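Chain by chain, the residues run as shown.
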Amino acid sequence: DIQMTQSPSTLSASVGDRVTITCRASQSISSWLAWYQQKPGKAPKLLIYKASSLESGVPSRFSGSGSGTEFTLTISSLQPDDFATYYCQQYNSYYITFGQGTRLEIK
Amino acid sequence: QVQLQESGPGLVKPSGTLSLTCAVSGGSISSSNWWSWIRQPPGKGLEWIGEIYHSGSTNYNPSLKSRVTISVDKSKNQFSLKLSSVTAADTAVYYCARVVGGSGSDPWGQGTLVTVSS
């Protein structure tokens, strides 16, 4: 199994801040990583795929980077709508796994 | 655009079988995509259950494999999930999603809460 570990688990930040969430894989997954945003009571929304490709319609303040085992999701200037939980997902293997999630809350 | 909608009983008895269907609209289930099930226990993270291709090929989460069956009905443009021998630990919101080759999962259904209780 490929384990995905996100850090931090919770992040407190203010509108306008630049924030970074990290996701580490227990073995190399090349660039087969996606990031999702989930708001309470809603389904996850795809933000980034192939580690750094921005899904259509997603604001450009979201960006992803990394390859191999270490990946980051960066929000360049937090907006009120961005406070949510973020998950990474690896799809390198036939057994897809998610990180445990990072809750981004208002400071 | 493609939309997915889960349906099925919201309450299942312990030791019973959970059965859900995901209806695909706005596109064909026979397109070059996999179709997956993911669940989320209340207040917890996401767990991938498994996926199916229109040919019937499947991949399952090893921890659930002995209890899971995912099938496809091309005539109805839908796919289904069966999870047997359920316990309270299987209580979760169940989502279906399209897996776009190499590009993650999108879109997702709205999710349906299934509670395992007597």
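Preceding this paragraph is the structure being described.
This is a predicted model, so every value here is computed, not measured.

**Q** It is not clear to me how the state of the cysteines should be interpreted in this structure. Could you clarify?
**A** By definition, a disulfide links the sulfur atoms of two cysteines through a covalent bond. All names here are of chain A. Applying the stated criterion to the full structure yields two disulfides over all chains. With a sulfur-sulfur separation of 2.1 Å, Cys23 is cross-linked through a disulfide to Cys88. Across the disulfide from Cys23 to Cys88, rotation about the S-S bond amounts to roughly 65°, and the bridge is consequently right-handed. Pair noted here: Cys23 is in strand 3 (residues 19-25) and Cys88 is in strand 9 (residues 85-90), with a separation of 65 residues, a long-range link. There is no split in this pair, since Cys23 and Cys88 are both buried.

**Q** Got a minute to help me understand the interface of chain B and chain A in this structure?
**A** Bring the parts together and some accessible area is lost; that lost area is often taken as the interface size. The interface of chain B with chain A comprises 19 residues on the first partner and 18 residues on the second. Overall, the association of chain B and chain A removes approximately 1,600 Å² of surface from exposure, summing both partners, and the carbon and sulfur fraction of that is 61%. For the interface between chain B and chain A, the tally reads zero salt bridges. Between chain B and chain A we count seven residue pairs in polar contact (both at pLDDT 80 or more) in total. Mapped by element, the contributors of at least two residues to the side of chain B that touches chain A are strand 4 (34-40), strand 5 (47-52) and strand 10 (105-108) of chain B.

Basis of the calculations
Residues numbered from 1 in each chain as written. Chains lettered and ligands numbered in written order. Predicted model: local features only at pLDDT ≥ 70, side-chain atom pairs only at ≥ 80, totals over all residues. Heavy atoms only, no water. Disulfide = S-S within 2.5 Å. Helix = DSSP H or I, 4+ residues; strand = E, 2+ residues; numbered from the N terminus. Buried < 20%, exposed > 50% of the residue type's maximum accessible area, 1.4 Å probe, protein only. Contact = heavy atoms within 4.5 Å. Buried area = accessible area lost by both parts, 1.4 Å probe. Salt bridge = Lys/Arg side-chain N within 4 Å of Asp/Glu carboxyl O. Polar contact = N/O pair within 3.5 Å; in protein donor to acceptor, adjacent residues only side chain to side chain.

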